[in-house]
Amino acid sequence: MIFKSFEIENTIEKILKFKFILLYGENIGLKEVLKKKIINANNNADIINLYQEDLAKNKDVLLTEVKNVSLFVQKKIIFINQINEKLYFEVENLLNSKENVTIILIGDLLDKKSKLRSLFEKETNLAVVPCYNDNDITLKKLVQSELKDFKNLNSNTLNMILSYSNLNRKTILSNIEKIKSFFDKKELSEESLETLLNSDRNEMFENIRDAALDGNKTKLNHLFSNFAFSNEES
């Protein structure tokens, strides 16, 4: 069963009744938000994080985690990150399991011909949430929602936040957290806001430069994944 990402982001409870949930798409920030909302809505659950490569190394790891339910927790949630088509048969084999375990698959964009995507879209007892890239409208609503209690959140400050984040949800969420910490009196100032956002970008550029000069590929890849370049900056 297909759910729109915007309705799930506002009401995460709509998918919590499903034992199998698929979150896929290129919007990394949105998938992280939905994952966090699921965890927050199940604060008493046992949370397990696996990756597709874990299952490749040990084919029994998923089944073992499903069967290994503690008597001291009400629910268990297993996140399987960076999934691919190879997970299809394992999911299919677990569909009739009786254990009180929720399995949530998180992956990149899946082709329309994907058997895994097709399975979740067709079955009414499975939930799938496509997480496509944001546009101006969705990101403006996000900022307005997160900073609704702040004074001086007008068209100028709103556009400034979007501009310095290059319309990247993950960067916007990171900047929003910094704004909340910096403007503790919840009153925005255009001058201070520009200084804050510009200093963050300068620091990010310096970190990218240093990692490149040091030949630190791991750090460089991490920095790139958290930074969206404008054409001028590229």
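Residues numbered from 1 in each chain as written. Predicted model: local features only at pLDDT ≥ 70, side-chain atom pairs only at ≥ 80, totals over all residues. Heavy atoms only, no water.

Caption draft 1: Local environment of the overall build of the protein chain. Scanning the protein chain from terminus to terminus reveals twelve helices and five strands. Put simply, the protein chain has 234 residues, and 42% of those count as buried. Pairs at least 24 apart in sequence give 73% of the contacts found in the protein chain among residues at least 6 apart. Accessible surface, the protein chain as shown: approximately 13,900 Å² in total, 48% of it carbon and sulfur. (Helix = DSSP H or I, 4+ residues; strand = E, 2+ residues; numbered from the N terminus. Buried < 20%, exposed > 50% of the residue type's maximum accessible area, 1.4 Å probe, protein only. Contact = heavy atoms within 4.5 Å. Areas by Shrake-Rupley, 256 points an atom, 1.4 Å probe, with all protein chains shown as cover.)

Caption draft 2: Quick peek at the nonpolar core. Counting 25 residues, the largest nonpolar core has L62, I78, I80, I103, L105 and F120 as its most contacted members. Every residue in contact with I80, bar those within four places of it in the chain, is listed here: L50, Y51, Q52, L55, L62, L87, I103, I104, L105 and I106. (Core = buried A, V, L, I, M, F, W, Y, C linked by side-chain atoms within 4.5 Å.)

Caption draft 3: Expanded view of the environment of F72. With respect to the helices and strands, F72 occurs in the loop between α5 (61-67) and β3 (76-81). Exposure remark for F72: the relative accessible area of 81% places this residue in the exposed category. With 27 residues separating them along the chain, F72 and A45 place their C-alpha atoms 9.8 Å apart.

Caption draft 4: A look at the packing of aromatic side chains. Applying the stated criterion across every chain yields a total of four aromatic pairs. Between Y24 and Y132, the ring centres sit 6.3 Å apart and the planes meet at 90°, which makes this aromatic pair edge-to-face. Separated by 108 residues along the polypeptide, Y24 in strand β1 (residues 20-24) and Y132 in the loop between β5 (127-130) and α8 (136-146) bring together distant segments of the chain. We classify Y24 as buried; its relative accessible area is 0%. Look at Y132 and you get partly exposed, because its relative accessible area is 39%. Taking NZ or CZ as reference, K35 lies 5.0 Å from the ring centre of F79, over its face. (Phe/Tyr/Trp six-rings, centres within 6.5 Å; stacked < 30°, edge-to-face > 60°. Lys NZ or Arg CZ within 6 Å of the ring centre and 35° of its normal.)

Caption draft 5: Quick peek at the packing of α8 against helix α10 (residues 169-182). In contact at an axis separation of 11 Å, α8 and α10 are set at 20° when each is read in the N-to-C sense. As far as their axial angle goes, α10 and α8 are roughly parallel. For the pair α8 and α10, the crossing hand works out as right-handed. Contacts between α8 and α10 involve L139, L142, V143 and E146 from the former and R169, I172, L173, I176 and K180 from the latter. Tallied by class, the residues present in the contact of α8 with α10 amount to six nonpolar, no polar and three charged. (Axes fitted to C-alpha atoms, helices over the stretch in contact; angles between N-to-C directions. Parallel < 35°, antiparallel > 145°, perpendicular 65-115°, else oblique. Left-handed = near helix turned anticlockwise from the far one by under 90°. Nonpolar A, V, L, I, M, F, W, Y, C, P; charged D, E, K, R; others polar.)

Caption draft 6: Representation of the environment of V61. Checked against the element boundaries, V61 lands in helix α5. Taking the C-alpha atoms as reference, V61 lies 9.0 Å from L50; in sequence the two are eleven residues apart.

Caption draft 7: Up close: the pattern of salt bridges. All told, the structure shown has nine salt bridges when counted by the stated rule. Two residues, E9 and R169, come together in a salt bridge whose shortest N-O distance is 2.8 Å. Here R169 lies in helix α10 and E9 lies in helix α1 (residues 5-10), a separation of 160 residues in the sequence. Here R169 falls in the buried class, since its relative accessible area comes to 4%. As a salt-bridge pair, E32 and K170 come within 3.3 Å of each other at their nearest N and O atoms. Residue E32 is found in helix α3 (residues 28-41), and its partner K170 is found in helix α10; the two are separated by 138 residues along the sequence. Residue E32 is classed as partly exposed on the basis of its relative accessible area, which comes to 39%. (Salt bridge = Lys/Arg side-chain N within 4 Å of Asp/Glu carboxyl O.)

Caption draft 8: Up close: the sheet that holds β3. An order of β2-β3-β4-β1-β5 is seen for the five strands of this open sheet, with the pairing classed as parallel. Sheet topology places β2 (46-51) and β5 at the edges, where each strand pairs with a single neighbour. Adjacent strand axes in the sheet meet at a mean angle of 15° when their direction is disregarded. As paired elements, β3 and strand β4 (residues 101-107) share six bridges and run parallel to each other. Residue pairing across strands places I80 opposite L105, the latter belonging to β4. Strands β1, β4 and β5 of the sheet are contacted by helix α7 (residues 115-122), whose axis makes an angle of about 125° with β1. (Pairing = 2+ DSSP bridges.)

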